[in-house]
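# Summary of the model geometry
What follows is the residue order along each chain.
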Amino acid sequence: GALTTTGLTVDGDATIRTSGNNMLSLVDTSASYRPTIRFMKDDGGGETTLHSLRNENGELDVLRGTSSLKQARFGSNGDISLYNDSGNAKFFWDASEENLGIGGASTFTSGTNIEVMDSNVARLGFTNTSAGGSQWAWYAGTSGQAALFDYDNSAVRMYVNSSGNVGIGLTSNIASKLHVNSELS
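Residues numbered from 1 in each chain as written. Predicted model: local features only at pLDDT ≥ 70, side-chain atom pairs only at ≥ 80, totals over all residues. Heavy atoms only, no water.

### A look at the sheet that holds strand β12 (residues 155-160)
Pairing between the strands of a sheet is mediated by backbone hydrogen bonds and can be parallel or antiparallel. The sheet built from 6 strands is open, its strands ordered β9-β10-β11-β12-β13-β14 with mixed pairing. Because the sheet does not close on itself, it has two edges, and the strands there are β9 (122-127) and β14 (178-180). Ignoring which end each strand starts from, the neighbouring axes of this sheet average 20° apart. In the sheet, strand β11 (residues 146-150) pairs with β12 via 5 bridges, with the strands oriented antiparallel. (Pairing = 2+ DSSP bridges. Helix = DSSP H or I, 4+ residues; strand = E, 2+ residues; numbered from the N terminus. Axes fitted to C-alpha atoms, helices over the stretch in contact; angles between N-to-C directions.)

And the structure:
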């Protein structure tokens, strides 16, 4: 059978069953083409929108609350974005380039990459969670430098300055391409 209506409200439980190739369709014929499914609650004080699913020109958005703040977007091309409380994309999978951006969309244009972005210091951390495990991170600073940091001992273990010189055991006065602040054996 079919039900066609300009508005439908169901109080209580509702079940929609389909069999075979039948489906539930939500069709929006307006110029903006933004069909939306809202997940709401009514605790006696009136209806409150908890989340919504909205299809906007082939992109599926997960929205939070009545403010329609975007939490996630699933692109028709396979891209995935997750958003922070300010509505900025902070985790982005670019399906066509096979790039993962953390902190924003990846700026790499070839190969499979993971890019971590921040306006201050971007870090890519590694933590061994077993007993006695350690925590390290590569970070990129604001002045063209990078470092390997040992969080367990609060120490920079390797430092690359903006000239490309590498220091092991020191972070300044790196005058040669490789400068080791210790004995070599």
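### Some remarks on the pairing of strand β7 (residues 99-102)
Summarising the sheet, strand β6 (residues 89-94) and β7 pair through 4 bridges and their orientation is antiparallel. Among the inter-strand pairings, F92 is bridged to a residue of β7, identified as G101. As defined by bridge partners, β7 adjoins strand β8 (residues 113-116) across 4 bridges and the pair is classed as parallel. Residue pairing for β8: L100 is matched across the bridge by I114.

### Quick look at the packing of aromatic side chains
Two descriptors summarise a pair of aromatic rings, namely the distance from one centre to the other and the angle between the planes of the rings. Taken as a whole and assessed by the stated rule, the structure comprises 1 aromatic pair. Pairing F149 with Y151 gives two aromatic rings, centres 4.7 Å apart and planes at 75°, and the pair type is edge-to-face. Residue F149 is classed as buried on the basis of its relative accessible area, which comes to 18%. Classification of Y151 by relative accessible area gives partly exposed; the value is 31%. (Phe/Tyr/Trp six-rings, centres within 6.5 Å; stacked < 30°, edge-to-face > 60°. Buried < 20%, exposed > 50% of the residue type's maximum accessible area, 1.4 Å probe, protein only.)

### Overview of the sheet that holds strand β2 (residues 47-56)
Strand order in this open sheet of 8 strands is β1-β2-β3-β4-β5-β6-β7-β8, and the pairing throughout is mixed. Two strands bound the open sheet, and with one partner strand each, they are β1 (36-42) and β8. Between one strand axis and the next, the sheet turns by 15° as a mean value, whatever way the strands run.

### Focus: the pattern of salt bridges
In the structure shown here, the tally under the stated rule is 5 salt bridges. A salt bridge links R157 to D150; its shortest N-O distance comes to 3.0 Å. What makes R157 partly exposed here is its relative accessible area of 34%. Through salt bridges with shared partners, one network takes in R54, E56, D61 and R73. (Salt bridge = Lys/Arg side-chain N within 4 Å of Asp/Glu carboxyl O.)

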